Number of protein chains: 2
Amino acid sequence: MPAPLEFYFDFSSPYGFLASLRIDELAKRYGRSVDWKPILLGAVFKISGQQPLLEIPLKGDYTKHDLARFARLWGVAIGMPPVFPFSSVAASRAFYWLHQRDPAKARAFAKAAYAAAWQGQKDLGKSDTVAELVVALGDSREDVLAGMVEPATKDTLRATVDAAIAKGVFGSPFIIVDKEGFWGADRLWQVEEWLERGGW
Amino acid sequence: MPAPLEFYFDFSSPYGFLASLRIDELAKRYGRSVDWKPILLGAVFKISGQQPLLEIPLKGDYTKHDLARFARLWGVAIGMPPVFPFSSVAASRAFYWLHQRDPAKARAFAKAAYAAAWQGQKDLGKSDTVAELVVALGDSREDVLAGMVEPATKDTLRATVDAAIAKGVFGSPFIIVDKEGFWGADRLWQVEEWLERGGW
């Protein structure tokens, strides 16, 4: 059984959102599963010294135009969240709290959270928004709000971010397949090529 | 007759080199020509505040690995130039000096210069290296060395860089097709999609 693909993403990353819409299906075509791993780009940028994409002169304007064009090409809706940038800490913690008990539910949450931020124009930076999404999946509001601040939840997120940095993850989305890292929604064609050929 | 694609690149950009190997053929498949426009990323980075790619922590290591992998996928050789980063001023000036009299020769020079730096491991930052490449195309060493420092040559390069920035060019390669800009060798698939569909 080949190892799952590792799909690193930040909930505040629009290209991560775009990749999230296709990564499972892409992997499935080659009999592979995907391990979703939300991370915090803020922590990564502290090391790499990068700025948030949309704030870079020239590149930021390009990115706004490109996102709309990219989404149109794939036939999906995308729009800026009401508050941006927003912190993905709450959503990431909710993900890992769910994940320790039910990985499938954690993934369902991740998809709902991405859609809420980038298609539903909800403020995912707020714990309230995050809790509502988890409640819709069957947990109680009290449980998730408590779970998000449990030391074990916080530690899992922190350890995942540290491990990602140690593996060279520096952006979102970042996909690792057979120890090869590929950065960017625009690189899914190379991930596919890698899966199809078994490397090159 | 549709407008030519504008192909912006910096001679010191390895992804620009990779794109240069495919852009003409890609455009030709859709009955389009390509206008090659060397620029100076240094001038662009002054505005965007970006750092040279290979110097960014985490991202720099990824890039080195990715370049070798990308070139392998396309079946082409690539290796770091002996001095890096190097200034692309001399090569860019030689290009525009040639271009005012013979655009086809200027393009032949650009291909030879990219190959010299990224496949032949020549130091393209030196005027001597640049002059040798132009001499191989039939001009005299004296003429090219004088032509590179003519005010008209310098002005053309400066004006091209300024115009590129005004159009939102912030990286290399950057391809403009029908007023739509696409950044990166890994976006050629979208350039192709755009040409095939006539936009989307």
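What you are looking at is a predicted structure, and each value in this text was computed from that prediction instead of being measured. (Residues numbered from 1 in each chain as written. Chains lettered and ligands numbered in written order. Predicted model: local features only at pLDDT ≥ 70, side-chain atom pairs only at ≥ 80, totals over all residues. Heavy atoms only, no water.)

Asks: Would you mind going over the sheet that holds strand β3 (residues 174-177) of chain B with me for this structure?
Replies: Hydrogen bonds along the backbone pair up the strands of a sheet, which may run parallel or antiparallel. Residue and element names in this part refer to chain B. Taken in spatial order, the four strands make up an open sheet running β2-β1-β3-β4, and their pairing is mixed. Each edge of the open sheet carries a strand with a single partner, namely β2 (34-38) and β4 (180-183). Here the strands of the sheet are splayed against their neighbours by 20° on average, with no regard to which way each runs. Looking at chain direction, strand β1 (residues 5-9) and β3 are connected through three bridges and run antiparallel. Bridge pairing links Tyr-8 to Phe-174 in β3. Here helix α10 (residues 188-197) sits on the sheet and contacts β1, β3 and β4; the angle it forms with β3, its principal contact strand, is near 5°. (Pairing = 2+ DSSP bridges. Helix = DSSP H or I, 4+ residues; strand = E, 2+ residues; numbered from the N terminus. Axes fitted to C-alpha atoms, helices over the stretch in contact; angles between N-to-C directions. Contact = heavy atoms within 4.5 Å.)

Asks: Whenever I open this one, the interface of chain B and chain A confuses me. Can you help?
Replies: Size of an interface, as often reported, equals the accessible area lost when the parts are brought together. Listed as interface residues are 35 residues of chain B and, on the opposing side, 36 residues of chain A. Around 3,200 Å² of area is buried between chain B and chain A when both sides are counted, 58% of it from carbon and sulfur atoms. Contact with chain A buries surface across chain B, with Leu-58, Tyr-62 and Leu-73 of chain B losing the most and accounting together for 22% of the total. Seen at the junction of chain B and chain A, the total is six salt bridges. A salt bridge links Arg-69 of chain A to Glu-180 of chain B, with the nearest nitrogen and oxygen atoms 2.7 Å apart. Here chain B is connected to chain A by 18 residue pairs in polar contact (both at pLDDT 80 or more). Those elements giving two or more residues to the side of chain B that touches chain A turn out to be α3 (41-48), α4 (59-74), β4 and α10 of chain B. Element by element, the count of residues in the side of chain B that touches chain A is highest for α4 of chain B, at nine residues. When its residues are assigned to classes, the side of chain B that touches chain A shows 19 nonpolar, seven polar and nine charged. (Buried area = accessible area lost by both parts, 1.4 Å probe. Salt bridge = Lys/Arg side-chain N within 4 Å of Asp/Glu carboxyl O. Polar contact = N/O pair within 3.5 Å; in protein donor to acceptor, adjacent residues only side chain to side chain. Nonpolar A, V, L, I, M, F, W, Y, C, P; charged D, E, K, R; others polar.)

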